[in-house]
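# Inside the fold
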Amino acid sequence: MLEWLDARLTESQRRLPPGELWRYRVLLGATLLMMVLIGLYVLGIPTYAAEDRLPQLLVVGVCMAAFGAVVVLMRRLASPSPPAILLCLALSVGFILGTLPVDSPGAVSHAVGMLIPALAVYLLGPRRGFFFTALLMLYVGAFHQLYHSGFGLARPVFQKPGAWMSNLVACVSLLTSWALSWLYGTVREESQQALQQALKTLRESEGKLFSVLESTEDVVVALDREGRVVTANMMAKAVGRHLYGRELERGAHLAWMASPGLQELFQKALAGKRERLEMHIPAQGRPMTLDVTFNPVWEGERVVGATLFSRDITERKEAEARLAELHRGLVDVSRHAGMAEIATGVLHNVGNTLNSVNVSAHLVVDRLRGSRAAGLDKAVALLRENASRLGAFLEEDPRGRQLPAYLAALSGQLAQERESVLEELRRLTESVDHIKSVVSMQQQHARFSGVLERVEVPTLLDDAMRLHAVSFERLGIQLRREYTASASAVMVDRHKLLQILVNLLSNARHALLDSQRPDKQLTLRVEEAGARLRIAVADNGVGIAPENLQRLFSQGFTTKKDGHGFGLHISALSAEELGGSLECESEGPGTGATFTLELPLA
């Protein structure tokens, strides 16, 4: 049908955008359809009374002439608006003249009248379409009834109240038809605009992607499921000429697929996996090393092909080999010098965190041992024993009547146990992550400069506190938080700062544990001090003797029986690396101690 309609449009009309082309199609199709309906209507005119035949033939002639004019204007004019106006006008006039002689309320509510507003809105827009809708509403709602009442002279206008109600319903239907058509047209236009914008964005993205692929020095090849080349960038074509003497053409099988290793990677990519391989190729006297990666191309949930990314890493591999040789020599020289200090630093910081790991692990085991899950097995066994009379068991047996409430309580208890275990596992995971970060930092022999990031100090302090939260609770240590800083964020190495805080909290815990006093208290403060942020960890533990304050941060100094004297020394060095300082204040034994870490705000 569309091909038949397009064949009757002009060449310029067929080249119009889809929206305008469809407008011409609807205009032509509606006109031809109305001409066919008028032809069928002519066949029924002989059944009319003799005095009604001539007016009906006149109406038919006017409509057919108007429809013919619509077809002529549509092919000659550059705009579809004039022929569309003529079509809507012809339909409206034909509807009015065709129903005016009929003295019946049903005549003006004919389905043809309902189509006119919809067609007018689509062809002319909501404003022009409303003109024809208002014209029909005026005719249907008032003029038709007034005409057949002789405008009140032949009979009273309201002699048929049912007719007026029917005509009112027809008016509402006409207005509804216009409103729905306007709403549909608005939605369609917005959708079309969104589609055009999306297509424009897609074309721009394709252009940018093509520019990126052509500007890279990597080989980029897209393959279908059979291993045929879909597209390849210029670098891929150049590498193909260099290695195989011919370019990678669209539709050709990739020559590299002859390698069994690449075939295996390609098949894994078709299975939805990302695979990578270093490939050695002899090429004109100098072997090449290529880093090849296969990625699956998804279409919904189906893999339709794969992309091959390859890079010549020959020079990099040669440089890495030379660097590795030099590195081995440097490692042998430096390993012995820093081995003792690194090992003790790692053991100290990891040991602090392992205490929390051990506590969390024991808590998880204890809670799993005390789980109420065994009660569920008993309830299931009870249900199985009474499976044949389950209804009577639940209603009559005392155990059965208590079973639903028991299961509800058990469900709540198991949910609480699950949340509790998950929370402990989360804390255990955080502790393990901190152990990994401490080990990674301590393995560096030279000054290590980590990644700087914006850190909210109260949040990080709470994270460090959670590593010891369980042990603090068991020891009866009261925790006070005094976070009064308005600008509490600093740019620091997160793991290095966390290492200092964990060490200070661990020392405070040991000081409170050794004090044996009942009112153990730990205070955490965060406050501004000019252009610096001050973090204080204060306890009311055993305190520090005045003669020990000056040596507190020295390497190897400790007052603990099993201490090694590296924790505060490393923390002080880390504070200096962060651009800050670490200090301690204490009035003597039994008075507690306050460790203050200052960091620059900017």
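Everything below is about the structure printed above this text.
Okay, so let's go over this structure. (Residues numbered from 1 in each chain as written. Predicted model: local features only at pLDDT ≥ 70, side-chain atom pairs only at ≥ 80, totals over all residues. Heavy atoms only, no water.)

### Quick notes on helix H10 (residues 260–270)
Looking at H10, one finds that the buried residues are Leu 262, Leu 265, Phe 266, Ala 269 and Leu 270. Viewed along the axis of H10, the buried residues span an arc of 140 degrees, placing them on a single side of the element. At its buried positions, H10 is contacted by strand S1 (219–224), strand S3 (275–281), strand S4 (288–299) and strand S5 (302–312). Where H10 terminates, the next one or two residues include Gly 272, which has phi positive at roughly 100 degrees. (Buried < 20%, exposed > 50% of the residue type's maximum accessible area, 1.4 Å probe, protein only. Helix = DSSP H or I, 4+ residues; strand = E, 2+ residues; numbered from the N terminus. Arc of directions from axis to C-beta. Contact = heavy atoms within 4.5 Å.)

### Section: the pattern of salt bridges
Under the defined criterion, the tally for this structure stands at 22 salt bridges. For Asp 6, the salt bridge is made with Arg 25, and the minimal N-O distance between the two is 2.8 Å. Of this pair, Asp 6 sits in helix H1 (residues 2–7) while Arg 25 sits in helix H3 (residues 18–43), placing them 19 residues apart in sequence. Here Arg 25 falls in the buried class, since its relative accessible area comes to 12%. A single salt-bridge network, built from bridges that share partners, covers Glu 278, Arg 316, Lys 317 and Glu 320. (Salt bridge = Lys/Arg side-chain N within 4 Å of Asp/Glu carboxyl O.)

### Examining the environment of Ser 181
Within the secondary structure, Ser 181 sits in helix H8 (residues 161–215). A relative accessible area of 14% means that Ser 181 is categorised as buried. In this structure the C-alpha to C-alpha distance between Ser 181 and Tyr 122, which are 59 residues apart in sequence, comes to 7.1 Å. Ignoring any residue separated from it by four or fewer positions in sequence, one finds Ser 181 in contact with Ala 118 and Val 121.

### So, helix H7 (residues 126–148)
The end-to-end C-alpha distance of H7 is 32 Å, a good match for the 33 Å that 23 residues give at a rise of 1.5 Å each. The largest bend along H7 reaches roughly 40 degrees and is located at Val 140. Taken together, the buried positions of H7 are Gly 129, Phe 132, Thr 133, Leu 136, Tyr 139, Val 140, Gly 141, His 144, Gln 145 and His 148. (Expected span 1.5 Å × (residues − 1). Bend = angle between axes of the 7 residues up to and from the residue.)

### Some details on unusual backbone geometry
Positive phi is not limited to glycine here, since Gln 516 has a value of about 60 degrees. Along the polypeptide, Gln 516 turns up in the loop between helix H17 (494–515) and strand S9 (521–529).

### Let's talk about the sheet that holds strand S12 (residues 593–600)
Strand order in the open sheet formed by five strands is S7-S9-S10-S12-S11, and the pairing between neighbours is mixed. Of all strands in the sheet, those with a lone pairing partner are strand S7 (478–483) and strand S11 (581–585), marking the two edges. With direction set aside, neighbouring strand axes in the sheet form an average angle of 15 degrees. Sheet topology note: the strand S10 (residues 532–539)/S12 ladder contains eight bridges and is antiparallel. For Ala 536, the partnering residue across the bridge sits in S12 and is Thr 596. Across the sheet, H17 touches S9, S10, S11 and S12, and the angle it forms with S10 is around 25 degrees. Lying over the sheet, helix H19 (residues 567–577) contacts S11 and S12, oriented at roughly 135 degrees with respect to S11. (Pairing = 2+ DSSP bridges. Axes fitted to C-alpha atoms, helices over the stretch in contact; angles between N-to-C directions.)

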